[in-house]
Amino acid sequence: MAVMRRTKRTVTVVLILSVFLLPLLSTPLLAATANERITSSVHVVRDMSREEDVSAMADLVKSAKGVVIVPNYVKAALGIGGAHGEGLILRRDASSNTWYGPNFLSITGASIGLQIGVQSTALLLVITNQKGMDRFYGDKFKLGADIDIAAGPVGRSTGAATDVNLQASIYSYSINKGLFAGLSLSGAAVTTDHDANASYWGSSINSKEILQKKATAAGIQPLVSALTELIKKAVD
């Protein structure tokens, strides 16, 4: 009888959790506007810049081809888990320290595990070479399958990386409740958000065209400034 009662309680808990978690796994999260994503991205970059072990990431950004920022990457799990976040990408010409964009996008992933719950984290992806940047000129690709990605190194030097030679095209970082670390996103799909792009730019325009446009609009300047301040954290 005791076993039956425990089983019933377990089933009840799972059913209750299903009501709250399954909608997160099966439907898109409430979308932030383009300008809200920019504002949230500024906060993410500033928060990461304040971390003591940000120097390795700053080194990568200093010579990067571009960065992707996803302010809220929400993961929900109930046996089979899913994750979704909406953000943006800026391309960078390191020789002139010129930024281009933004191009808006979403990242969606899936996982299988025993964890039950919902967690949100902020992401910053550093694109280190042209091969990685070229992927963002299209509409959709998968991290780890179509392009290599690794958890980004943290600390005072990029030599602390698991990938010692730093040969990955993209390095990923996350920050959640003050915890800053590299994060594996292998298997997640990156998709261009055409609606957000049309809203921000005022017309339908493809990703490659957007990433040729200099980020000179007043609304994007706080993010450019935050990235400039981040680069100053690099070890000379």
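Before reading on, note that the structure itself is shown above.
Residues numbered from 1 in each chain as written. Predicted model: local features only at pLDDT ≥ 70, side-chain atom pairs only at ≥ 80, totals over all residues. Heavy atoms only, no water.

Chemist: Can you walk me through the nonpolar core in this structure?
Modeler: Side chains of nonpolar character tend, in soluble globular proteins, to be buried together. Counting 37 residues, the largest nonpolar core has M57, W99 and L223 as the members making the most contacts within it. Setting aside anything within four residues of it in sequence, one finds L223 in contact with I38, S41, V42, V45, I69, L88 and L90. V70, I107, L143 and I170 belong to the second-largest nonpolar core, a separate cluster that totals 23 residues. (Core = buried A, V, L, I, M, F, W, Y, C linked by side-chain atoms within 4.5 Å. Buried < 20%, exposed > 50% of the residue type's maximum accessible area, 1.4 Å probe, protein only. Contact = heavy atoms within 4.5 Å.)

Chemist: What is the right way to read the pattern of salt bridges from this model?
Modeler: Pairs can form between side chains of opposite charge once their charged atoms are near each other. For the structure shown, the criterion picks out four salt bridges. In this structure, R50 engages D47 in a salt bridge whose closest nitrogen and oxygen atoms are separated by 2.4 Å. Through salt bridges with shared partners, one network takes in R37, E86 and D193. (Salt bridge = Lys/Arg side-chain N within 4 Å of Asp/Glu carboxyl O.)

Chemist: I'm lost on the packing of aromatic side chains in this one. Help?
Modeler: Each aromatic ring pair is characterised by the separation of its centres together with the angle its planes make. Under the definition given, this model contains three aromatic pairs. Ring geometry for F136 versus F141: centroids 4.9 Å apart, planes at 85°, classification edge-to-face. Here F136 falls in the buried class, since its relative accessible area comes to 3%. Residue classification places F141 among the buried residues on the basis of a relative accessible area of 5%. Connected via pairs of aromatic rings, a cluster forms that spans F104, Y200 and W201. If you follow R91 out to its NZ or CZ, it ends over the ring of Y100, 4.1 Å from the centre. (Phe/Tyr/Trp six-rings, centres within 6.5 Å; stacked < 30°, edge-to-face > 60°. Lys NZ or Arg CZ within 6 Å of the ring centre and 35° of its normal.)

Without other data, these values stay purely geometric and don't point to any function.
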